[in-house]
Amino acid sequence: MGVKFSKTEYRKIAKSSLNKIVKFRAKSFSYKIHKTLLYIFDKFKSKNVLLFLPLLYEPNLVILRRRLIKSHNIFLPFMVDKSLKMVKLRLPFNESKFGVKEANDSNAFFGRIDVAVIPVIGVDGNMARIGHGFGYYDRFFDTLAYKPVVIFVQIEDFYTKEKICDSHDIKCDFYITPRKNYIKKGNYDRDFYRAHCRGSRRWSRVFCSQKDK
């Protein structure tokens, strides 16, 4: 886009587009994302994984549990006040006040996760998350004393080169969409990108500003 938008404006545009395509893309495009995620999980030898329960226009990753359950511990976010905690993925699911499904508030996990997979509305030029504007993920990750591999996922590519997010917005290492994938230049690009993504039209390497690395 030739016009520079604010984060709020970009969120509105992206969300409107997602609502239009959800009926015929969300389910089919989820499967394209699954393959890439499983590949990344395997390459990083992940054990503890944070997923999420999707809204209508978000990829459904929970159906991967049958593939992951024997070799991974799967956790889901649970809203607490203005932040999150992690709970074990177990049925049945309940609906929160925002219409988001959640697992039961039990079996809380306070250990280390290896990989966190997070839904987005868009991603800016610093690989920072444009979410719904409530800040739950931002506050949660700000409390962690370590940094897991962070993967953003979406059923459409809403990456913008403009740096429109705030300094507190969580940033990712990978942004996975059905059409194109992005990897942030930094901790993982040297080995992962050079060994597995170079030459692929579906992967793009993002050079963030120095202060945001």
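The model shown is predicted, which means the values in this text are computed figures rather than measured ones.

## With respect to the overall build of the chain
Of the regular secondary structure elements, the chain holds four helices and 13 strands. Here the chain has a C-alpha radius of gyration of 16 Å; the compact-globule value for 213 residues is 17 Å, and the two agree. Expressed along its principal axes, the backbone C-alpha trace of the chain runs to roughly 45 × 35 × 35 Å. Classification of the 213 residues of the chain by burial places 52% in the buried group. Considering only contacts within the chain whose residues lie at least 6 apart along the sequence, 66% involve residues at least 24 apart. Carbon and sulfur atoms provide 50% of the accessible area of the chain, an area that totals close to 11600 Å². Once the 43 positive and 20 negative side-chain charges of the chain are each reduced to a mean point, those two points are 6 Å apart.

## Thoughts on the nonpolar core
Within the largest apolar cluster, 71 residues are counted, with the highest numbers of intra-cluster contacts made by Phe41, Val117, Phe141, Ile151 and Tyr175. Top element by residues in this core is helix H1 (residues 7–43). It accounts for eleven residues.

## A closer look at the packing of aromatic side chains
Counted by the stated rule, this structure contains eight aromatic pairs. Aromatic side chains Phe44 and Phe174 sit 5.9 Å apart centroid to centroid with 75° between the ring planes, which places their arrangement in the edge-to-face category. One end of the pair, Phe44, is in the loop between H1 and strand E1 (48–50); the other, Phe174, is in strand E11 (residues 174–176), and 130 residues separate them in sequence. Members of the aromatic cluster, joined through ring pairs, are Phe44, Phe174 and Trp203.

## With respect to the sheet that holds strand E6 (residues 108–109)
Overall, mixed pairing links the nine strands, which are arranged E6-E3-E2-E1-E7-E10-E11-E12-E13 in an open sheet. Edge positions in the sheet fall to E6 and strand E13 (203–206), since each of these pairs with one other strand and no more. Of the pairings in the sheet, the one linking strand E7 (residues 115–119) to strand E10 (residues 149–153) comprises five bridges and is parallel in character. In the sheet register, Ala116 faces E10, and the bridge partner there is Val150.

## What about the side chain of Asp169?
Within the secondary structure layout, Asp169 lies in the loop between E10 and E11. Residue classification places Asp169 among the buried positions, given a relative accessible area of 5%. A polar atom in the side chain of Asp169 sits 2.9 Å from the side chain of Lys7. Polar contacts involving the side chain of Asp169 include one to the main-chain amide nitrogen of Asp166, which spans 2.6 Å.

## A closer look at the state of the cysteines
Per the counting criterion, the structure on display carries zero disulfides. Cysteine Cys197 remains unbridged, with the sulfur of Cys172 as its closest cysteine sulfur at 13 Å.

## A closer look at unusual backbone geometry
With a phi angle near 55°, Asp81 is a residue other than glycine that sits in the positive phi range. For Asp81, the position within the fold is in the loop between strand E2 (73–80) and strand E3 (83–88). Positive phi, normally seen in glycine, also occurs at Met127, with a value near 60°. Structurally, the position occupied by Met127 is in the loop between strand E8 (122–123) and strand E9 (129–130). Under the relative-accessibility criterion, Met127 is labelled buried at 0%.

## Section: the pairing of E3
Remark: a regular strand shows side chains that alternate across the two faces of the sheet. Relative to E3, E2 runs antiparallel, the two sharing six bridges. The residue bridging Pro77 from the neighbouring strand is Met86, located in E3. In this antiparallel pair of consecutive strands, E2 and E3, the connection spans two residues, and Asp81 shows a positive phi of 55°. The pairing of E3 with E6 spans two bridges and is classified as antiparallel. Paired with Val87 across the strands is Ala108, a residue of E6.

What counts as what
- Residues numbered from 1 in each chain as written.
- Predicted model: local features only at pLDDT ≥ 70, side-chain atom pairs only at ≥ 80, totals over all residues.
- Heavy atoms only, no water.
- Helix = DSSP H or I, 4+ residues; strand = E, 2+ residues; numbered from the N terminus.
- Rg over C-alpha atoms; globule rule 2.2 N^0.38 Å.
- Buried < 20%, exposed > 50% of the residue type's maximum accessible area, 1.4 Å probe, protein only.
- Contact = heavy atoms within 4.5 Å.
- Areas by Shrake-Rupley, 256 points an atom, 1.4 Å probe, with all protein chains shown as cover.
- Lys, Arg positive; Asp, Glu negative; His and termini not counted.
- Charge placed at Lys NZ, Arg CZ, Asp CG, Glu CD.
- Core = buried A, V, L, I, M, F, W, Y, C linked by side-chain atoms within 4.5 Å.
- Phe/Tyr/Trp six-rings, centres within 6.5 Å; stacked < 30°, edge-to-face > 60°.
- Pairing = 2+ DSSP bridges.
- Polar contact = N/O pair within 3.5 Å; in protein donor to acceptor, adjacent residues only side chain to side chain.
- Disulfide = S-S within 2.5 Å.

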